[in-house]
Amino acid sequence: MDIAWSVFTPWHSLAGGLLIGLAASILLLANGQIAGISGILGNLLQRKGLQSWRLAFVAGLILAPMLLLPLLPAIGPFRPSVPIAESMDILRLLAGGFLVGLGTSMANGCTSGHGVCGLARFSPRSLAAVLTFMLAGFATVFLWRTTWGLPL
Amino acid sequence: MKSTLSSLIAGLLFGAGLLLSGMVNPSKVIGFLDIAGVWDPSLALVMVSAILVSWIGVQLALRRAAGADADADAAEGAPQRDIDRPLLIGSALFGIGWGITGFCPGPAVAALGMGFWPAAVVAIGLLPGLWVGNRLSG
């Protein structure tokens, strides 16, 4: 296995994860809610239950990068890598987005709900979900690059 | 009102974490999923520190829950069900979509705030996907 040392960002990643864990803890302790993004979006779509905290959370999620991006030069070494729009075709993004929505709603959770919150409380269901979506993700990227020879 | 404010703060911190960790960058996520190629393990470290800090939150909630049932329910999560077919099939479909796009739901929403157009396209696919999946689950 070759490690991509030139793009590996251990300190940014650990610090970012710390903020994500802090956010999940605040939502759990102050609101009694699980920070699962697919669940929050799904419930907003279905107009189910109390919505104000969900809307506020999603607003924060969108606002944070808007507020932080202009400040980035001042953050120094903690500069994140900004997404690059190259080699992204629309059909691929639409189809992939649909599968992400369909799959996470069937499984009742995604990288945040199962991956972070679920594993933090040692849920066997979440562990099964995480192993499954990780393996499916590894296999998809592998086939994409090798068998089908498509650009990543 | 108070619960709206705490939730807004949690959303802001979550979005900041996704930005700082580089997880709003789909090419970085695909770099993690390309485990057989030249592998970028960054995402694994995001998970490690996020889980460790969340674990502290869960422990605090459980400790506080001694007298309050609502807390205990949240800390323990939804009523535990078996590892069933929808969980495994859904997770596999999610993994395929994640591998194709490099986006899971959180980063797709956060990257919208950066005006990153591929995130908007993913979101247009994501919402009907969520809707159909919720219909299937009843």
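In case you missed it, the structure is sitting above this.
The rules behind these values
- Residues numbered from 1 in each chain as written.
- Chains lettered and ligands numbered in written order.
- Predicted model: local features only at pLDDT ≥ 70, side-chain atom pairs only at ≥ 80, totals over all residues.
- Heavy atoms only, no water.
- Phe/Tyr/Trp six-rings, centres within 6.5 Å; stacked < 30°, edge-to-face > 60°.
- Helix = DSSP H or I, 4+ residues; strand = E, 2+ residues; numbered from the N terminus.
- Buried < 20%, exposed > 50% of the residue type's maximum accessible area, 1.4 Å probe, protein only.
- Contact = heavy atoms within 4.5 Å.
- Buried area = accessible area lost by both parts, 1.4 Å probe.
- Salt bridge = Lys/Arg side-chain N within 4 Å of Asp/Glu carboxyl O.
- Polar contact = N/O pair within 3.5 Å; in protein donor to acceptor, adjacent residues only side chain to side chain.
- Nonpolar A, V, L, I, M, F, W, Y, C, P; charged D, E, K, R; others polar.
- Pairing = 2+ DSSP bridges.
- Core = buried A, V, L, I, M, F, W, Y, C linked by side-chain atoms within 4.5 Å.
- Axes fitted to C-alpha atoms, helices over the stretch in contact; angles between N-to-C directions.
- Parallel < 35°, antiparallel > 145°, perpendicular 65-115°, else oblique.
- Left-handed = near helix turned anticlockwise from the far one by under 90°.

**Overview of the packing of aromatic side chains**
Part 1 of the argument: Within the structure shown, the criterion is met by 8 aromatic pairs over all chains.
Part 2 of the argument: Judged by centre distance (5.7 Å) and plane angle (90 degrees), the rings of Phe133(A) and Trp98(B) are edge-to-face. Of the two residues, Phe133(A) sits in helix H7 (residues 124-145) while Trp98(B) sits in helix H5 (residues 85-101), which places them in two different chains. This pair shows no difference in class: Phe133(A) is buried, exactly as Trp98(B) is.
Part 3 of the argument: When the ring of Phe32(B) is compared with that of Trp39(B), the centres are 5.7 Å apart and the planes differ by 40 degrees; the resulting orientation is tilted.
Part 4 of the argument: Site record: aromatic cluster; members linked through ring pairs are Phe133(A), Phe94(B) and Trp98(B).

**Quick word on the interface of chain A and chain B**
Part 1 of the argument: On the side of chain B, 102 residues touch chain A, which itself brings 106 residues to the contact.
Part 2 of the argument: Buried surface at the junction of chain A and chain B, both sides included, amounts to about 9,500 Å², of which 76% is carbon and sulfur.
Part 3 of the argument: For the pair chain A and chain B, the number of links is 2 salt bridges.
Part 4 of the argument: A salt bridge links Arg125(A) to Asp84(B); the nearest nitrogen and oxygen atoms lie 3.3 Å apart.
Part 5 of the argument: At the junction of chain A and chain B, the tally comes to 22 residue pairs in polar contact (both at pLDDT 80 or more).
Part 6 of the argument: A per-element tally of the side of chain A that touches chain B places helix H1 (residues 10-31) of chain A first, with 21 residues.
Part 7 of the argument: The residue inventory of the side of chain A that touches chain B, partitioned by class, reads 70 nonpolar, 31 polar and 5 charged.
Part 8 of the argument: Sheet topology places strand E1 (residues 2-3) of chain A next to strand E1 (residues 38-39) of chain B; 2 bridges connect them, and they run parallel. Residue pairing for E1(B): Ile3(A) is matched across the bridge by Trp39(B).

**What about the nonpolar core?**
Part 1 of the argument: Grouped together as the largest cluster of nonpolar side chains are 60 residues, with contacts concentrated most on Phe57(A), Leu61(A), Met134(A), Phe14(B), Leu18(B), Leu43(B) and Trp98(B).
Part 2 of the argument: Of all the elements, helix H3 (residues 42-64) of chain B adds the most residues to this core, at 7 residues.
Part 3 of the argument: Sequence-distant contacts of Phe14(B), defined by excluding residues within four places in its chain, comprise Ile20(A), Ala23(A), Ala35(A), Ile37(A), Phe57(A), Leu61(A) and Ser112(A).

**Focus on the packing of H1(A) against helix H1 (residues 2-21) of chain B**
Part 1 of the argument: H1(B) packs onto H1(A) with a crossing angle of 165 degrees between their chain directions and a minimal axis gap of 7 Å. Here H1(B) runs roughly antiparallel to H1(A), going by the angle between their axes. Handedness of the H1(A)/H1(B) crossing: left-handed. In contact with His12(A), Ser13(A), Ala15(A), Gly16(A), Leu19(A), Ile20(A), Leu22(A), Ala23(A), Ile26(A), Leu27(A), Ala30(A) and Asn31(A) of H1(A), H1(B) contributes Ser3(B), Ser6(B), Ser7(B), Ile9(B), Ala10(B), Leu13(B), Phe14(B), Ala16(B), Gly17(B), Leu18(B), Leu20(B) and Ser21(B).
Part 2 of the argument: Grouping the amino acids of the contact of H1(A) with H1(B) by side-chain chemistry returns 15 nonpolar, 9 polar and no charged.

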